[in-house]
Amino acid sequence: MNYFQGLGLAFGLAAMLKPFYMHVLPWDEQAFLAKAYAQRRPAWVAPVAVLGFALVALTWYVHLTTDVPYSLVITILFSLTAIKGLALLLDYERFQRWVAGMLAKDRGRQVVMIDVAVGVFGLGILLLVVFVY
């Protein structure tokens, strides 16, 4: 298994299963999200964002130094995760207001819709990994 197969499998499974582990399992995901994205930036945000950036940088390094066909596709798709990291690091207050607004409106229906879209995205990544690699 090459790096991009492993990354695509892990990333795709985590994304595809997100609607299940966030909304189907019996727990209060709204309270979890409200606590995870508290009004004051939690201490976990910076280290996790930096770790994410490091993984994106490693992915680009592996793409540029190996000759794996179609590695650019997984590299670009995985690099999209850096957008959330940038939002959490550079403008946490606005990100937190956005999440809080979604949770308060229509019992968090917009959060569910985003998670379903993430699940479809994850399924696409898994199909890519299975049929391309």
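Residues numbered from 1 in each chain as written. Predicted model: local features only at pLDDT ≥ 70, side-chain atom pairs only at ≥ 80, totals over all residues. Heavy atoms only, no water.

Draft legend 1. Spatial organisation of helix α5 (residues 71-79). Three or more residues of α5 are buried, namely S71, I74, T75, F78 and S79. Buried residues along α5 cover an arc of 130° about the axis, so they all sit on one side. Buried residues along α5 sit against α1 (3-16), α4 (45-65), α6 (81-90) and α8 (109-132). (Buried < 20%, exposed > 50% of the residue type's maximum accessible area, 1.4 Å probe, protein only. Helix = DSSP H or I, 4+ residues; strand = E, 2+ residues; numbered from the N terminus. Arc of directions from axis to C-beta. Contact = heavy atoms within 4.5 Å.)

Draft legend 2. Representation of the confidence of the model for the protein. On average, residues of the protein carry a pLDDT of 91, and 100% of them reach 70 or more. Per-element mean pLDDT across the protein ranges from 86 in helix α3 (residues 29-36) up to 95 in α4. (pLDDT = per-residue confidence, 0-100.)

Draft legend 3. Quick look at the environment of P19. Tracing the chain through its elements places P19 in helix α2 (residues 18-24). Taking C-alpha positions, P19 is 20 Å from V129, a pair spaced 110 residues apart along the chain. Those residues in contact with P19, other than ones at most four positions away along the chain, are V24, D115, V116 and G119.

Draft legend 4. Structural view of the packing of α1 against α8. As a packed pair, α1 and α8 sit with axes 7 Å apart at the nearest point and diverge in direction by 155°. Comparing their axes, α8 and α1 come out roughly antiparallel. The handedness of the crossing between α1 and α8 is left-handed. Contact residues: α1 offers F4, Q5, G8, L9, F11, G12, L13, A15 and M16, while α8 offers V118, G119, F121, G122, L123, I125, L126 and V129. (Axes fitted to C-alpha atoms, helices over the stretch in contact; angles between N-to-C directions. Parallel < 35°, antiparallel > 145°, perpendicular 65-115°, else oblique. Left-handed = near helix turned anticlockwise from the far one by under 90°.)

Draft legend 5. Structural detail: unusual backbone geometry. With a phi close to 65°, Y70 is a non-glycine residue in the positive phi region. With respect to the secondary-structure elements, Y70 resides in the loop between α4 and α5.

Draft legend 6. Up close: the environment of T75. The topology assignment puts T75 in helix α5. Once residues within four sequence positions are removed from consideration, T75 is found in contact with F4, T59, W60 and H63. Among the polar contacts made by the side chain of T75, one reaches the main-chain carbonyl oxygen of S71 at a distance of 2.7 Å. (Polar contact = N/O pair within 3.5 Å; in protein donor to acceptor, adjacent residues only side chain to side chain.)

Draft legend 7. Up close: the pattern of salt bridges. Scanning the model with the defined rule gives two salt bridges in all. Put simply, K18 and D115 hold a salt bridge, and the shortest N to O gap is 3.1 Å. Of this pair, K18 sits in helix α2 while D115 is found in helix α8, placing the two residues 97 residues apart along the sequence. The partly exposed category is assigned to K18, whose relative accessible area is 22%. (Salt bridge = Lys/Arg side-chain N within 4 Å of Asp/Glu carboxyl O.)

Draft legend 8. Quick peek at the layout of surface pockets. In this model, the largest pocket occupies a volume close to 1400 Å³. For the largest pocket, the lining is made up of 39 residues, of which K18, Y37, T81, K84 and V118 are closest to its centre. Elements with a contribution of two residues or more to the lining of the largest pocket: α1, α2, α3, α4, α5, α6, α7 (92-104) and α8. It is α4 that provides the largest number of residues to the lining of the largest pocket, a total of eight residues. A breakdown of the residues in the lining of the largest pocket according to their chemical character gives 33 nonpolar, three polar and three charged. (1 Å grid on protein atoms, 1.4 Å probe; cavity = no way out; pocket = protein on both sides within 12 Å on 5 of 7 lines; lining within 4 Å. Points joined across faces, edges and corners; volume = space filled by probe spheres on them. Nonpolar A, V, L, I, M, F, W, Y, C, P; charged D, E, K, R; others polar.)

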